[in-house]
Amino acid sequence: MTRSKLEMHVDTLKVLAQRGPLQKTDIMYQANLNCNILKENLFSLIKQGLVEEIVVGKNSVVYANTNRGSAVVRFFGELDKALPVKEEEGKFLPVSY
């Protein structure tokens, strides 16, 4: 199953929240994204003020969530708790109580 752009953006933000600041390669492996998709994601997240690019030393750049990016991660975490879903034979069904 492929992920939507939103899911890939949230996955990137979650990785940075848990392990950041990180270089592109580390984000790529942790979020399971290819290089081109990651570059697009980072560009979009930086443009939206969710991620910041930090220059470390002469030639190294790392990426970290901004306060706004961290708030998005918390929001999606709460949303995930409020709307539990279970997978059954490839179909997603609401969890019954």
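Everything numeric in this text was worked out from a predicted model, so none of it was measured.

Calculation rules
- Residues numbered from 1 in each chain as written.
- Predicted model: local features only at pLDDT ≥ 70, side-chain atom pairs only at ≥ 80, totals over all residues.
- Heavy atoms only, no water.
- Salt bridge = Lys/Arg side-chain N within 4 Å of Asp/Glu carboxyl O.
- Buried < 20%, exposed > 50% of the residue type's maximum accessible area, 1.4 Å probe, protein only.
- Helix = DSSP H or I, 4+ residues; strand = E, 2+ residues; numbered from the N terminus.
- Core = buried A, V, L, I, M, F, W, Y, C linked by side-chain atoms within 4.5 Å.
- Contact = heavy atoms within 4.5 Å.
- Expected span 1.5 Å × (residues − 1).
- Axes fitted to C-alpha atoms, helices over the stretch in contact; angles between N-to-C directions.
- Parallel < 35°, antiparallel > 145°, perpendicular 65-115°, else oblique.
- Left-handed = near helix turned anticlockwise from the far one by under 90°.

Engineer: Provide a residue-level description of the pattern of salt bridges, including the pertinent values.
Structural biologist: In total, this model carries 2 salt bridges according to the counting rule given. Between aspartate 11 and arginine 3 there is a salt bridge; the shortest N-O distance is 2.6 Å. Using a relative accessible area of 29% as the deciding quantity, one classes arginine 3 as partly exposed. Taking the shortest distance from any N to any O, the salt bridge between glutamate 78 and lysine 81 comes out at 3.8 Å. Note that glutamate 78 and lysine 81 are positioned in helix α4 (residues 67–82) at a spacing of 3 residues, about one turn of the helix.

Engineer: Go over unusual backbone geometry, please, and point to the residues and values.
Structural biologist: Here glycine 20 and proline 21 are connected by a cis peptide whose omega angle stands at -5°. Considering the arrangement of structural elements, one finds proline 21 in the loop between α1 (5–19) and α2 (24–31).

Engineer: Now, about the nonpolar core: what can you tell me, with residues and values included?
Structural biologist: Core analysis: the largest hydrophobic core is formed by 16 residues, its most contacted members being Leu13, Leu16, Ile27, Leu38, Leu42, Val51 and Tyr63. Of all the secondary-structure elements, those providing two or more residues to this core are α1, α2 and α3 (35–47). The biggest single contributor to this core is α1, with 4 residues. The contact partners of isoleucine 27, leaving out residues within four places of it in the chain, are Thr12, Val15, Leu16, Leu22, Asn32, Leu38, Leu42 and Tyr63.

Engineer: Talk me through α3; I want residue IDs and the actual numbers.
Structural biologist: Between its terminal C-alpha atoms α3 stretches 18 Å, which fits the 18 Å expected from 13 residues at 1.5 Å a residue. On its buried face, α3 sits against α1, α2, β1 (51–56) and β2 (60–65). Just beyond α3, the residue with positive phi is glycine 49, at close to 80°.

Engineer: Lay out the packing of α1 against α2 with the relevant residues and their values.
Structural biologist: Packing of α1 against α2 brings their axes to within 9 Å, and their N-to-C directions diverge by 115°. Our classification of the angle between α1 and α2 gives roughly perpendicular. In terms of crossing hand, the pair formed by α1 and α2 is right-handed. Here Asp11, Thr12, Val15, Leu16 and Arg19 of α1 lie close against α2, whose contacting residues are Ile27, Gln30 and Ala31.

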